[in-house]
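What follows is the residue order along each chain.
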Amino acid sequence: MDNGEYLYIGLRKSLELFLEKSTVNGNKIYLDIGCDGVGVAKSSTSALWPILANVAGCDDVFLLHCAMRILCDPVECVQNNELASQLLVDFVAAVPKLYGLQNMTFNMHSLLHLADDVMHFNAPLDEFSAFKFENYMQHLKKLPKTGYRVLEQIHARLEEKHFVQNFQKPQNVNNRPCAEPGLYDKVCVNNMTFSTSAPNNYVQLFDNVYKIQEIYKDRTGSTRFQVKKILNLSDCFSNPISSSDINVFECEKETLSEGVFINCTPDMTKVAAIKAPGKNIYIALLH
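This is a predicted model, so every value here is computed, not measured.

## As for the packing of helix H2 (residues 60-71) against helix H4 (residues 81-99)
Packed helices, taken two at a time, are described by the angle their axes make and the gap between the axes. Here H2 crosses H4 at 150°, and the two axes come no closer than 8 Å. Judged by the inter-axis angle, H2 sits roughly antiparallel to H4. As for the relative orientation of H2 and H4, their crossing is left-handed in sense. Between H2 and H4, the residues in contact are Asp60, Leu63, Leu64, Cys66, Ala67, Ile70 and Leu71 and Asn81, Leu83, Ala84, Leu87, Leu88, Asp90, Phe91, Ala94, Lys97 and Leu98, respectively. A class-by-class count of the residues in the contact of H2 with H4 yields 13 nonpolar, 1 polar and 3 charged.

Pasting the structure below:
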């Protein structure tokens, strides 16, 4: 790292705790590393880069991932609710081994009730989560310019924003021209953007993942994709459940079929394609 300092907190202790309670094949431990920069202050040129690490190949971590994926899916959250509940129970039981007994907090315990909450509200987690309110705080924190009368500043900026939005001339939706028929590089369907180039050029229909080649619109406004099916998809992991059960796939190198046409329907899902070392990973988006 150029012009920087490295400080680790708890890495050695966490690895020693993991080794005490887990079996590792061979004499090496591989870590998955993730980091993201956070500015220390607006007036500072320095940044803090928290580095998060996880022992690669530790299947217990997938328990939480699979459970949350199921509970955030509008259909699967009900159909596979019991499976998600059991995955969360297994994950919470594994927390002392993964993170130490000191991290068996109330937040960890609350995970046990998520599946019941989904059934109680009859909705996926995203529809009754408080995260959108917490996430909106980032916009409110940017509104004040000084530390003097912060609440008044926020109120004034929100009032100004509301005034400007109401002042804008409304568009006459009924008089909007229909899209011209022909070829398109990009379209927006069901609040999802599809295009013929990355990163919006993959789509899932039922159990198949396709790569978009061309986009057509007819005179009625209906959208059709010319696509090629990825033939050599496989599971990214098989424990605790197969990754394909939650619409996550991988392949080393894409093998594509001949081009076919598919209609854009509500059953269609956008897919995020992620390049990883030696393979591609495909994740069907839930929203």
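## Quick word on the packing of H4 against helix H6 (residues 114-121)
Orientation of H4 relative to H6, taken along the N-to-C sense of each, is 155°, at an axis distance of 8 Å. Relative to H6, H4 is oriented roughly antiparallel. Packed against H4, whose contacting residues are Asn81, Ser85 and Leu88, the element H6 presents Leu114, Ala115, Val118 and Met119 at the interface. Here the contact of H4 with H6 is built from residues that sort into 5 nonpolar, 2 polar and no charged.

## Quick look at the nonpolar core
Among the nonpolar cores identified, the biggest contains 26 residues, and Leu71, Phe91, Leu111 and Ile246 are the most heavily contacted of them. With 8 residues, H4 is the largest single contributor of residues to this core. When sequence neighbours within four positions are dropped, the list of residues in contact with isoleucine 246 reads His65, Cys66, Arg69, Ile70, Phe237 and Ile241.

## Some points on the confidence of the model for the chain
Chain-level statistics for the chain give a pLDDT mean of 82 and a share of 77% at 70 or above. No element of the chain has a lower mean pLDDT than strand S2 (residues 38-39), at 56, and none a higher one than H6, at 95. Predicted confidence is poor over residues 170-178, with pLDDT under 50, and the contacts of this stretch with residues over four places away or in other chains come to 3 contacts.

## Things to note about the pairing of strand S12 (residues 248-251)
Put simply, side chains in a regular strand alternate between the two faces of the sheet. Neither face of S12 is left uncovered, since the one carrying Val248 and Glu250 and the one carrying Phe249 and Cys251 both have all their residues buried. In this structure, strand S11 (residues 234-235) lies alongside S12, joined through 2 bridges in antiparallel fashion. Directly across from serine 234, in S12, lies its bridge partner glutamate 250. Pairing of S12 with strand S15 (residues 279-284) involves 4 bridges; the strand directions are antiparallel. When the bridges of S15 are listed, glutamate 250 appears paired with isoleucine 281.

So, how was this worked out
Residues numbered from 1 in each chain as written. Predicted model: local features only at pLDDT ≥ 70, side-chain atom pairs only at ≥ 80, totals over all residues. Heavy atoms only, no water. Axes fitted to C-alpha atoms, helices over the stretch in contact; angles between N-to-C directions. Helix = DSSP H or I, 4+ residues; strand = E, 2+ residues; numbered from the N terminus. Parallel < 35°, antiparallel > 145°, perpendicular 65-115°, else oblique. Left-handed = near helix turned anticlockwise from the far one by under 90°. Contact = heavy atoms within 4.5 Å. Nonpolar A, V, L, I, M, F, W, Y, C, P; charged D, E, K, R; others polar. Core = buried A, V, L, I, M, F, W, Y, C linked by side-chain atoms within 4.5 Å. Buried < 20%, exposed > 50% of the residue type's maximum accessible area, 1.4 Å probe, protein only. pLDDT = per-residue confidence, 0-100. Pairing = 2+ DSSP bridges.

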